[in-house]
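Per-entry structural report
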Amino acid sequence: MRTFRGGDVSEMNRKMTSLLTVAAFLQILAVAADERPPRIEPLNAWGTKGKGDGEFNAPIGIAINAKDELYVTEFRNNRVQKFDAEGKFLTKFDVEPMPGGIAVNPQGEIFVAPMMLHKICVYDDTGKLLRTWGKQGTGDGDFDQPGGIAVAPDGTIYVADQVNRRIQHFTPEGKFLRKWGEYGTAAGQFDGIENVKNRTGGPNFVAVDKEGSVFTTEARPGRIQKFTGDGKP
């Protein structure tokens, strides 16, 4: 029978501890591997850079109508393209230069914000211009580089008035209802970091949920804000 000396026992304990540590580490890796989310694969993708049907140059906004058809604004091609839910090209129409924000109401009217013209244009599904409102300025209903547009459940329209650092609220016909926001970083204010004349601070885009809550993005602060429909943070 072998007799273990103190040194042998210590060495054996060290090796056993090392083996247990490795085993525990491998077990942790196995558990972590099981808990990793599954790899996300795109269901579909379409488009390359260009001017042809189904091609894009600086696509900015996306809106979906009641038929699940998609409208996409192209900032540099100055047009809106329409696709089915699988990406099949359906039609296109020219719009005012530098379109960004876009929204579609339940009646199928398409609201587009040509950013540097500081107004909102409304089209029908064929691309016929129905009405416009707004001009550059700081008054009620004026804009300075408008960005995202959203349609509320009641059909009213919210617009991200980027350089004016505010959200404006309108009827579908363009009648001014209310506004909120100013330059700053507190709740209910916008940006407060970027130069006040730089639109990239925000509010940049806006969305409305089925309860009528309003959500805004601010690029430079890296922030989402949520408001009631009348602008309370």
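Residues numbered from 1 in each chain as written. Predicted model: local features only at pLDDT ≥ 70, side-chain atom pairs only at ≥ 80, totals over all residues. Heavy atoms only, no water.

**Brief notes about the environment of V214**
Along the chain, the position of V214 falls in strand 14 (residues 214–218). V214 gets classed as buried once you look at its relative accessible area, which sits at 0%. Sequence separation between V214 and I167 is 47 residues; the distance between their C-alpha atoms is 9.7 Å. Setting aside chain neighbours within four positions, we find V214 in contact with Y158, W180, V206, A207, V208, Q225, K226, F227, T228 and G229. (Helix = DSSP H or I, 4+ residues; strand = E, 2+ residues; numbered from the N terminus. Buried < 20%, exposed > 50% of the residue type's maximum accessible area, 1.4 Å probe, protein only. Contact = heavy atoms within 4.5 Å.)

**Structural notes on the sheet that holds strand 6 (residues 110–114)**
Strand order in the open sheet formed by four strands is 5-6-7-8, and the pairing between neighbours is antiparallel. Each of the sheet's edge strands pairs with one partner strand only, and the pair in question is strand 5 (99–104) and strand 8 (129–133). Strand-to-strand twist across the sheet, computed as the mean angle between neighbouring axes with direction ignored, equals 20 degrees. One ladder, built from four bridges, connects strand 5 with strand 6; its direction is antiparallel. Across the sheet, V104 pairs through a bridge with I110, a residue of strand 6. (Pairing = 2+ DSSP bridges. Axes fitted to C-alpha atoms, helices over the stretch in contact; angles between N-to-C directions.)

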